[in-house]
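So the chains spell out like this:
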Amino acid sequence: MSATLSFTAPTEHGPQDVTLAYARVGEGEPLLLLHGIGHHRQAWDPVVDILATEREVVAVDLPGFGQSSALPDGLPHDLPTTVAVLGAFCAALGLDRPHVAGNSLGGLLALGLGRENLARSVTALSPAGFWTQAERRYAFGVLMGMRRTARSLPLPLVERLSRTAVGRTALTSTIYARPGRRSPEAVVAETLALAHAQGFSETLRAGRSVLFTDDVPGVPVTVAWGDRDRLLLPRQGIRAKRAIPRARLVRLPGCGHVPMNDDPALVARVLLDGSRAQSASALRTSFSTVAL
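About the cut-offs
Residues numbered from 1 in each chain as written. Predicted model: local features only at pLDDT ≥ 70, side-chain atom pairs only at ≥ 80, totals over all residues. Heavy atoms only, no water. Helix = DSSP H or I, 4+ residues; strand = E, 2+ residues; numbered from the N terminus. Buried < 20%, exposed > 50% of the residue type's maximum accessible area, 1.4 Å probe, protein only. Pairing = 2+ DSSP bridges. Axes fitted to C-alpha atoms, helices over the stretch in contact; angles between N-to-C directions. Contact = heavy atoms within 4.5 Å.

Considerations on unusual backbone geometry
Located in the positive-phi region is Ser104, a residue other than glycine, with phi close to 60°. For Ser104, the location among the structural elements is in the loop between β5 (99–103) and α3 (105–115). Using a relative accessible area of 8% as the deciding quantity, one classes Ser104 as buried. Despite not being glycine, Asn117 shows a phi value in the positive range, around 60°. Classification of Asn117 as partly exposed rests on a relative accessible area of 43%.

Shown next as structure tokens:
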């Protein structure tokens, strides 16, 4: 079920009215899904039906992305504010400390929710915030280039490119290891989402100073990285493990930066195992050593 929700968020800048779009499906313990910068909640579509067999899945468009409005004027799209907004969103939906999974920016936000004890478990897929400054500048440069391309291409050209595997590769190979598997309709929709994302520039600007260096105590954490991630390099997972020593570090073979479409079955299993994480044996996949 797709819907919008208006609520009041208690931010550092005082109470603010926010409206977010989301989709809700399935039954079981709640699982909140958070997408990356420039994307939208439909990034999770390849895994939602699998997850919904065991979880009540809530996929949300982050503020200023997808169908969600940007935050009110004067409210920064930074980590503390967005975490507070998402916490208020969960409270308004009646979600008591949901399991949270996120990709890229969404992975960073998921860890932020875990750090604030607003999540019962966290699974972060290629989370932002574990970069060196050189790696951050590289990733931001790639993202800005993708945004410029998305905004410059006429819609008929995007639609024409999306109809062939070569065209889908040209449009999405930065984030997918197997772009030919993405449907033409999904490629068109996410290209438009990137082009029209109201919160893109503000979110990117706020991310320039972000480094996630804190532990996430008392919350089971899984960090998973595609071994073909070309945007946030897999060695950043080693730094995440150092910052969060009790986290499980999982390798996603053959997957890129947005792994849900590259291997839906594997990613769904990692997310479900992460949300079951009762013991160190919950996940059997090991992360291979990557030279720093």
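Considerations on the sheet that holds strand β8 (residues 248–252)
Pairing within the open sheet is mixed, and its 8 strands lie in the order β1-β2-β4-β3-β5-β6-β7-β8. Looking at strand neighbours, the two that pair on one side only are β1 (2–11) and β8, the edges of this open sheet. Averaged over neighbouring strand pairs, the angle between their axes works out to 25° when direction is ignored. Pairing analysis gives 5 bridges linking β5 to strand β6 (residues 121–125), with the strands arranged parallel. Within β6, the residue paired with Asn103 across the bridge is Leu125. Packing against the sheet, helix α2 (residues 79–93) makes contact with β1, β2 (14–25), β3 (29–34) and β4 (55–60), and its axis sits at approximately 120° to β1.

By themselves, these figures tell us nothing about what the structure is for.
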